[in-house]
Amino acid sequence: MRKIILLGYMGCGKSTIAKTLSRIIRIPFVDLDKYIEEKTNLSINSIFEKHGEIYFRKVEHEAFLELLNSSESMIIGLGGGTPCYANNHELLKGENVLSVYLRASIDTLFSRLSANKSKRPLIANKNDEEMKEFIAMHLFERSFYYNQAQYKVNVDNKTIDQVVLDIVSILA
Ligand code: S3P
């Protein structure tokens, strides 16, 4: 069964775009972070706090494999770090997989994330200056993994509908 994978840095719009895409193409959307929260009965913040990031990456990898191996077609919205750990990037090119990197500039990410960071343990305690520096560095480190996606769609200065249409045209 077909798996459409949306990936990209925190704040690039994976969940918002996946929800609209799901309505249009009538394939259910599963958010990997939410799936992990349900599976572990813990929020992402609590997993980081109680068990640390390495444990989170292990659970994230297992959860990603479970979704990929399920018999349902689905849109999977990854966490921002998913492709960058446990060789998950190799799974972006698997059989029946279509992966799309939602590419956003540092400025776009910064303006979206500065308003919405409390649920994101990697940036929750950073001030604006620290955050901008962190995003720039982190995006640079992660780009190699994001670029393993089969398709790339720019999201800067586009509405949700425009991005969704770009993805629909890839699927057509
Ligand atoms: C992370 C991104 C988060 C979440 C966790 C780690 C990351 O997901 O998986 O906080 O490493 O970039 P979103 O990209 O949905 O915020």
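This one's a predicted model, so the numbers in the text were calculated from it and none came from an experiment.

Participant: Would you explain the overall build of the protein in this entry?
Facilitator: What the protein contains, in helices and strands, is seven helices and five strands. Mapped in sequence order, the helices and strands of the protein form the string β-α-β-α-α-α-β-β-α-α-β-α. In terms of overall dimensions, the protein is globule-like: its C-alpha atoms have a radius of gyration of 15 Å, near the 16 Å expected for 172 residues. Split into buried and exposed, the 172 residues of the protein put 31% on the buried side.

Participant: For this particular structure, what's the right way to read the site of the ligand?
Facilitator: Contacts to the ligand come from Met-10, Lys-14, Asp-33, Ile-44, Gly-79, Gly-80, Gly-81, Arg-120, Pro-121 and Leu-122. The class makeup of the residues in the shell around the ligand is four nonpolar, three polar and three charged.

Participant: Sorry, what's going on with the UniProt feature "binding site: Mg(2+)" (unreviewed entry) in the protein here?
Facilitator: Per the UniProt record, the feature "binding site: Mg(2+)" (unreviewed entry) sits at Ser-15. Inspection of the secondary structure puts Ser-15 in helix H1 (residues 14-25). On the basis of neighbour count, Ser-15 is assigned to the partly exposed category, with 14 C-beta atoms found within 10 Å. Not counting residues within four places of it along the chain, the set of residues in contact with Ser-15 comprises Asp-31 and Gly-77.

Participant: Which parts of the structure should I look at to understand the sheet that holds strand S5 (residues 151-154)?
Facilitator: Backbone-to-backbone hydrogen bonds join strands into a sheet, with any given pair of strands oriented parallel or antiparallel. If you walk across this open sheet you meet the five strands as S2-S3-S1-S4-S5, and the pairing is parallel. With one partner strand each, in any of the chains shown, strand S2 (29-31) and S5 form the two edges of the open sheet. With direction set aside, neighbouring strand axes in the sheet form an average angle of 25°. Here helix H2 (residues 32-40) sits on the sheet and contacts S2 and strand S3 (74-77); the angle it forms with S2, its principal contact strand, is near 65°.

Participant: Even after reading the chapter, I still don't get the pairing of strand S4 (residues 97-103), so can you show me in this structure?
Facilitator: In regular strands, side chains alternate between the two faces of the sheet. Most of S4 sits inside the fold, with five of its seven residues counted as buried. In the sheet, strand S1 (residues 3-7) pairs with S4 via five bridges, with the strands oriented parallel. Each bridged residue has a counterpart across the sheet, and for Leu-7 the counterpart in S4 is Tyr-101. Across four bridges, the pairing between S4 and S5 is parallel. Of the residues in S5, the one forming a bridge with Tyr-101 is Lys-152.

Participant: Got a minute to help me understand helix H7 (residues 160-171) in this structure?
Facilitator: Each turn of an α-helix holds 3.6 residues, which means side chains three or four residues apart point in the same direction. The end-to-end C-alpha separation of H7 is 17 Å, in line with the 16 Å expected for 12 residues at 1.5 Å each. Check the buried side of H7 and you find it contacts H1, S4 and S5.

Participant: How should the UniProt feature "binding site: substrate" (unreviewed entry) in the protein be read in this particular structure?
Facilitator: As annotated in UniProt, the feature "binding site: substrate" (unreviewed entry) corresponds to Asp-33, Arg-57, Gly-80 and Arg-142 in the numbering used here. Tracing the sequence through the fold places Asp-33 in helix H2. Residues within four places of Asp-33 in sequence aside, it is in contact with Ile-44 and Gly-79. The topology assignment puts Gly-80 in the loop between S3 and S4. Other than its neighbours up to four places away in sequence, Gly-80 contacts Gly-8, Tyr-9 and Met-10.

Participant: Just to check I follow, could you spell out the environment of Arg-23 for this structure?
Facilitator: Tracing the sequence through the fold places Arg-23 in helix H1. Sequence spacing of Arg-23 and Tyr-85 is 62 residues, and the spatial spacing of their C-alpha atoms is 30 Å.

Criteria and cut-off values
Residues numbered from 1 in each chain as written. Predicted model: local features only at pLDDT ≥ 70, side-chain atom pairs only at ≥ 80, totals over all residues. Helix = DSSP H or I, 4+ residues; strand = E, 2+ residues; numbered from the N terminus. Rg over C-alpha atoms; globule rule 2.2 N^0.38 Å. Buried ≥ 20, exposed ≤ 12 C-beta atoms within 10 Å, placed from the backbone. Near = placed C-beta within 6 Å. Nonpolar A, V, L, I, M, F, W, Y, C, P; charged D, E, K, R; others polar. UniProt positions renumbered as here; feature names shortened; annotations may be inferred. Contact = placed C-beta atoms within 7 Å. Pairing = 2+ DSSP bridges. Axes fitted to C-alpha atoms, helices over the stretch in contact; angles between N-to-C directions. Expected span 1.5 Å × (residues − 1).

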